[in-house]
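Understanding the architecture of this molecule
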Amino acid sequence: MSGDIIDGKAFAERLRQRVAEAVPQFVETEARAPGLAVVIVGEDPASHVYVRSKGKATVAAGMASFEHRLPDTTSQEELIALVEQLNLDDAVDGILVQLPLPAGIDDKAVIEAIDPAKDVDGFHVANAGRLAVGEEGLVPCTPLGCLMLLKDRLGDLSGLEAVVVGRSNIVGKPMAQLLLQQNCTVTIAHSRTRDLPGVVRRADIVVAAVGRPEMIRGDWLKPGATVIDVGINRIAGEGDRTRLVGDVDFESARQVAGGITPVPGGVGPMTIAVLLRNTLVAACARAGIAPPAGL
Ligand SMILES: Nc1nc(=O)c2c([nH]1)NC[C@@H]1CN(c3ccc(C(=O)N[C@@H](CCC(=O)O)C(=O)O)cc3)C=[N+]21
């Protein structure tokens, strides 16, 4: 038996298309495009690649993209001053400060400076709190993208056993909240979990977000389980090449899983598509209009 590959890239393209189709209505009523500001500090080449692809996707969806590139000598005060300026800028509906930030800048202080209404990453404590208590708010892009893939594949998730491996504030914890909202029985496993393979083997749904290349293997899975691989790890490949792998050992897992997301082409493209979706949703909320249906 060999499970299906869950095509996150194709799903993400359809979501981006739906966002792009909804933008003209916003432009019509508000006489401006929804705007996303992305702030990047420092020279990390991989981060610059992501920021460029976010900017391109934003423009392709018909939205305005504002990129702010700051040198790695930028102080926390300067960065927060920029965030505060973007908070006040009416052309900006979404603010994303690319993480990680250089050493010496406190991520938390910068995130808390973002207006929660413009926090399209959903990282602000106000949005994390709203998610935890089931209030309307902006939800982190990666976990929301994972949930969309799961619902598309499985329909109703009620009563299913979900194991989230990883407890970060940006993926693991919000993922667990979303699955709980869908009436899953949710376990959060992590580096201190005893008998991790045994815990993972109970799961109908496995979300892997540990940041350890190919850690979760096929023999850890319940046959037929749905596996969502959030990991993006660059490891040594053939010769002097590198290759991108997830937190799941794809080849062995595929033999046992019912469905599995690949890396690349799985969760990564969903993150960017949901970022566009969140930007449009934030823009509608700021304008006091209903968000487009079905996003
Ligand atoms: N404030 C903030 N918000 C973020 O959402 C955020 C961030 N900081 N810092 C960096 C990470 C990383 N991230 C990715 C988004 C898309 C892909 C993606 O589309 N990946 C492709 C291929 C990537 C490749 O080939 O290198 C794929 O998986 O198929 C990857 C990684 C968003 N991040």
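The model shown is predicted, which means the values in this text are computed figures rather than measured ones.

What to know about the sheet that holds strand S2 (residues 35-41)
Strand order in the open sheet formed by three strands is S3-S2-S4, with parallel pairing between adjacent strands. Either end of the sheet is taken by a strand with one partner, and the two such strands are strand S3 (64-70) and strand S4 (94-97). Averaged over all neighbouring strand pairs, the angle between strand axes comes to 15°, with direction disregarded. Sheet analysis places S2 next to S4, joined by four bridges and oriented parallel. Bridge pairing links Leu 36 to Gly 94 in S4. Across the face of the sheet, helix H2 (residues 45-60) comes into contact with S2 and S3 while running at roughly 170° to S2.

Some thoughts on the sheet that holds strand S11 (residues 259-260)
Whenever strands of a sheet pair, they do so through backbone hydrogen bonds, lying parallel or antiparallel. Reading across the sheet, the six strands line up as S1-S11-S8-S7-S5-S6 and stay open at both edges, with parallel pairing between neighbours. With one partner strand each, in any of the chains shown, strand S1 (4-5) and strand S6 (185-189) form the two edges of the open sheet. Where strand S8 (residues 226-229) meets S11, two bridges bridge the pair, whose relative direction is parallel. Opposite Val 227, over in S11, you have Ile 260 as the bridge partner.

Brief notes about unusual backbone geometry
Most of the time, phi is negative for any residue but glycine, and the peptide bond is trans. For the peptide bond that leads from Leu 99 to Pro 100, omega is 0°, which places it in the cis range. Within the element layout of this structure, Pro 100 appears in the loop between S4 and helix H4 (107-113). With a phi close to 60°, Ala 31 is a non-glycine residue in the positive phi region. Assignment of secondary structure puts Ala 31 in the loop between helix H1 (8-30) and S2. Since 7 C-beta atoms lie within 10 Å of it, Ala 31 is described here as exposed. Although it is not a glycine, Glu 214 adopts a positive phi angle of roughly 55°. Relative to the assigned elements, Glu 214 resides in the loop between strand S7 (205-208) and S8.

Describing the packing of helix H6 (residues 141-154) against helix H10 (residues 267-287)
With their axes 8 Å apart at the nearest point, H6 and H10 run at an angle of 110° to one another. With respect to H10, the axis of H6 lies roughly perpendicular. Where H6 approaches H10, its residues Cys 141, Thr 142, Leu 144, Gly 145, Cys 146, Met 148 and Leu 149 are matched on the opposing element by Val 267, Met 270, Thr 271, Ala 273, Val 274, Leu 275 and Asn 278. Residues belonging to the contact of H6 with H10 are distributed by class as follows: 10 nonpolar, four polar and no charged.

Some details on the UniProt feature "domain: Tetrahydrofolate dehydrogenase/cyclohydrolase NAD(P)-binding" (unreviewed entry) in the chain
As annotated in UniProt, the feature "domain: Tetrahydrofolate dehydrogenase/cyclohydrolase NAD(P)-binding" (unreviewed entry) corresponds to residues 140-284 in the numbering used here. The distance from the first to the last C-alpha atom of residues 140-284 is 18 Å, and the span holds 37% helix and 19% strand.

Quick notes on the pairing of strand S10 (residues 242-245)
Taken together, the four bridges between strand S9 (residues 233-236) and S10 define a ladder with antiparallel strand orientation. Its bridge partner lying in S10, Asn 233 is registered against Val 245. In sequence, S9 turns back onto S10 through a hairpin of five residues, with Gly 239 there showing a positive phi of about 55°.

Quick notes on the domain arrangement of the chain
It is common to give the size of an interface as the accessible area that goes away when the parts come together. Entries for the chain in the domain assignment read domain 1 (28-118) and domain 2 (141-268). On a C-alpha basis, the centres of domain 1 and domain 2 stand 28 Å from each other.

About the criteria used
All residue numbers refer to positions counted from 1 along the written sequence of the respective chain. At least 70 in pLDDT is required for a residue's local features to be given in this predicted model, at least 80 for side-chain atom pairs to be given and counted, and no such filter applies to totals for whole chains, interfaces and linings, which use all residues. Two strands qualify as a pair provided DSSP detects at least 2 bridges between them. Put simply, DSSP H or I for four residues or longer makes a helix, DSSP E for two residues or longer makes a strand, and each gets a number counted from the N terminus. Between N-to-C directions, angles span 0 to 180 degrees; the directions come from axes that are lines fitted to C-alpha atoms, helices contributing only their stretch in contact. Our contact criterion uses C-beta atoms placed from the backbone: two residues qualify when those atoms are within 7 Å. Residues are called buried when their C-beta atom has 20 or more other C-beta atoms within 10 Å, exposed when it has 12 or fewer, and partly exposed otherwise; all C-beta atoms are positioned from the backbone. The cut-offs work like this: below 35 degrees is roughly parallel, past 145 is roughly antiparallel, 65 to 115 is roughly perpendicular, and the gaps in between are oblique. Polar here means any residue outside two lists: the nonpolar Ala, Val, Leu, Ile, Met, Phe, Trp, Tyr, Cys and Pro, and the charged Asp, Glu, Lys and Arg; Gly therefore counts as polar. UniProt positions are given in the numbering used here, feature names are shortened, and annotations may be inferred rather than shown by experiment. For the purposes of this description, domain bounds are those given by an automatic or database domain assignment.

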